[in-house]
Amino acid sequence: MSLDLAAETPPHAPDTPPADESPRAPLTPSTLRTVVRELAEQPEQWIHLVRLSTEERWYRRLVADDDHEVWLISWLPGQSTGFHDHGGSRGAFAVALGELEELSLGGPEQGLLIRRVPAGTARAFGPEYVHDVRNTASGPAVTLHAYSPPLGSMAHYDLRAGGLVRTSEEGPEQW
Ligand SMILES: [Fe+2]
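Cut-offs used in this document
Residues numbered from 1 in each chain as written. Predicted model: local features only at pLDDT ≥ 70, side-chain atom pairs only at ≥ 80, totals over all residues. Heavy atoms only, no water. Donors = N, O, S within 2.8 Å, 3.2 Å for Na, K, Ca; no water. Helix = DSSP H or I, 4+ residues; strand = E, 2+ residues; numbered from the N terminus. Buried < 20%, exposed > 50% of the residue type's maximum accessible area, 1.4 Å probe, protein only. Pairing = 2+ DSSP bridges. Patch = residues over 30% accessible without salt bridge, like charges linked within 9 Å, V, L, I, M, F, W, Y side chains within 5 Å. Areas by Shrake-Rupley, 256 points an atom, 1.4 Å probe, with all protein chains shown as cover. Salt bridge = Lys/Arg side-chain N within 4 Å of Asp/Glu carboxyl O. pLDDT = per-residue confidence, 0-100. Contact = heavy atoms within 4.5 Å. Phe/Tyr/Trp six-rings, centres within 6.5 Å; stacked < 30°, edge-to-face > 60°. Lys NZ or Arg CZ within 6 Å of the ring centre and 35° of its normal.

For the iron ion, every protein donor is listed as His84 (NE2), His86 (NE2) and His131 (NE2), and the spread of their distances is 2.1 Å. Of note, the donors binding the iron ion are all from one chain and are spaced H-x1-H-x44-H. Note that His84 is positioned in strand E3 (residues 83-84) and His131 in the loop between strand E7 (122-125) and strand E8 (132-134), a separation of 47 residues in sequence. For His84, a relative accessible area of 4% puts it in the buried group.

Encoded structure:
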């Protein structure tokens, strides 16, 4: 058997270092949690940017790196995301001001899980995670969110008797 070594030779000249075209490995949920926690503890970095919108949640991207992005979001009472995924990105969010409620589906034995996420706490999740985040409190909330890789798409779901049903998908052009 002969090996075709030519086929395995990289296309760049031998004296040129290969271009690193491979995407960087995504950050872990735990690292993303550290990112949003640390930023939540430094309001001087973002407090002057915060706006409130009665139309929908207000958001602004603070960081757009190759391997992750960070968003600042404000929530008036009653504003919510609905059930959604993160298009395969890992993520984390920290509540800096106010309080949110997070809904997710546990295993068959657990059903719907409802968590309070008060100021000073953070949640982190893997690439398959689906949740609904809402402000059920009486005052506004401000949160920091990190995703890795940066969000490429998000699908929305309805919670029905049989479980979550995918209803729509949006891409970066919608946010
Ligand atoms: Fe989310």
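With respect to the secondary-structure elements, Ala92 resides in strand E4 (residues 90-97). Measuring from C-alpha to C-alpha, the distance between Ala92 and Ser30 comes to 8.0 Å, with 62 residues separating the pair along the chain.

Here three strands make up an open sheet; going across it, the order is E3-E10-E11 and the pairing antiparallel. On the outer flanks of this sheet lie E3 and strand E11 (163-170), each paired with one strand and no other. Inspection of the sheet shows strand E10 (residues 154-160) paired to E11 by seven bridges, in the antiparallel sense. Bridge pairing in E11 places Ala155 opposite Glu169.

Before going further, it helps to examine a nonpolar patch on the surface. Residues Leu105, Leu112, Ile114 and Leu159 make up a contiguous nonpolar surface patch of roughly 340 Å² in combined accessible area. Mapped onto the elements of the fold, Ile114 is located in strand E6 (residues 112-118). Using a relative accessible area of 55% as the deciding quantity, one classes Ile114 as exposed.

Right, let's talk about the confidence of the model for the protein chain for a bit. When pLDDT is averaged along the protein chain, the result is 90; 86% of the residues meet or exceed 70. Note on residues 1-10: pLDDT is under 50 here. Beyond four places in sequence and across chains, it has zero contacts.

Residue placement: Gly88 occurs in the loop between E3 and E4. Spatially, the C-alpha atoms of Gly88 and Gly126 are 8.1 Å apart, while their sequence positions differ by 38 residues.

The amide bond that connects Ser148 to the next residue, Pro149, takes the cis arrangement and shows omega of -10°. Of note, Pro149 is situated in the loop between strand E9 (141-148) and E10.

This part is about the packing of aromatic side chains. Per the counting criterion, the structure on display carries two aromatic pairs. Taking the centre distance of 5.7 Å and the plane angle of 70° together, the rings of Tyr59 and Trp71 count as edge-to-face. Taken together, the residues span a long stretch of sequence, with Tyr59 in strand E1 (residues 58-64) and Trp71 in strand E2 (residues 69-75) at a distance of 12 residues. With centroids separated by 5.1 Å and ring planes inclined at 25°, the aromatic side chains of Phe125 and Tyr129 adopt a geometry described as stacked. Tyr129 carries the same exposure label as Phe125, and that label is buried. Above the plane of the ring of Trp75 lies Arg57, whose end atom (NZ or CZ) is 5.4 Å from the centre.

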